[in-house]
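Reading the structure
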Amino acid sequence: MDIFSKIAAGQIPSYKCAENEEFYAFLDINPLAEGHTLVIPRREVDYIFDMDDDEIGRFEQFAKRVAVALKKAFPCRKVAQVVLGLEVPHAHIHLIPMNSEQDVDFRREKLQLSPEQMQQAAQKILAAFEG
């Protein structure tokens with residue numbers, strides 16, 4: 001079981017933003033912006049394009065719902081969707097509140113948020129997702 005599967009299963013703590021039976025969304029612990037969220041399938045699949053058409057469609061629909069909630073929780077011009085990352089062998093989408101393209105530069109310094117700030121951010125997104 002990889003680290004993201006353990007997070008989705010509750011074996012490793014996370015800042016949950018949204019979930020359903022197939023997918024799980026939680027805050028990135030090294031965020032580019034407050035509210036930077038990762039969306040994952042609960043099923044272990046390494047490469048997003050290895051998902052079948054129906055599953056990837058449901059994955060994107062779930063990510064869209066999370067992005068709408070994220071934009072409500074953290075008003076911004078758009079929510080960026082980025083698919084990258086080789087360090088964890090589990091498909092994932094980054095959702096990042098953005099006001100400029102510089103907000104999505106993964107080379108820049110990450111935010112250092114306290115556990116309280118992370119918990120508040122997750123709760124805001126979850127409330128908007130469920131609302």
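The model shown is predicted, which means the values in this text are computed figures rather than measured ones.

1. Looking at the overall build of the protein chain
- When you go through the protein chain residue by residue, the secondary structure sums to three helices and five strands.
- Each helix (α) and strand (β) of the protein chain, taken in turn from the N terminus, gives the series α-β-β-β-α-β-β-α.
- The C-alpha radius of gyration of the protein chain comes to 14 Å, within 12% of the 14 Å expected for a compact globule of 131 residues.
- By residue count, 44% of the 131 residues in the protein chain fall in the buried class.

2. Regarding the sheet that holds strand 5 (residues 93-98)
- Spatially, the five strands line up as an open sheet ordered 1-2-3-5-4, and their pairing is antiparallel. Edge positions in the open sheet fall to strand 1 (16-19) and strand 4 (78-82), since each of these has one partner strand only. The sheet shows a mean angle of 20° between the axes of neighbouring strands, taken without regard to direction.
- Bridging between strand 2 (residues 23-27) and strand 3 (residues 37-41) involves five bridges; their strand directions are antiparallel. Paired with Phe26 across the strands is Leu38, a residue of strand 3.

3. A closer look at the pairing of strand 1
- Bridge count between strand 1 and strand 2: three bridges; the pairing is antiparallel. The residue bridging Lys16 from the neighbouring strand is Phe26, located in strand 2.
- Hairpin geometry of strand 1 and strand 2 is characterised by an intervening segment of three residues between the two adjacent antiparallel strands.

4. Points about the nonpolar core
- Residues Val39, Phe62, Val66, Leu95 and Ile125 are the most contacted members of the largest nonpolar core, which totals 30 residues.
- For this core, the element with the highest residue contribution is helix 2 (residues 53-73), accounting for nine residues.
- Contact partners of Phe62, with chain neighbours within four places excluded, come to Ala18, Glu19, Asn20, Phe23, Tyr24, Ala25, Val39 and Phe129.
- In terms of nonpolar packing, the next biggest core, distinct from the first, is built from eight residues, Ala8, Phe26, Leu38 and Ile40 among them.

Basis of the calculations
- Residues numbered from 1 in each chain as written.
- Predicted model: local features only at pLDDT ≥ 70, side-chain atom pairs only at ≥ 80, totals over all residues.
- Heavy atoms only, no water.
- Helix = DSSP H or I, 4+ residues; strand = E, 2+ residues; numbered from the N terminus.
- Rg over C-alpha atoms; globule rule 2.2 N^0.38 Å.
- Buried < 20%, exposed > 50% of the residue type's maximum accessible area, 1.4 Å probe, protein only.
- Pairing = 2+ DSSP bridges.
- Axes fitted to C-alpha atoms, helices over the stretch in contact; angles between N-to-C directions.
- Core = buried A, V, L, I, M, F, W, Y, C linked by side-chain atoms within 4.5 Å.
- Contact = heavy atoms within 4.5 Å.

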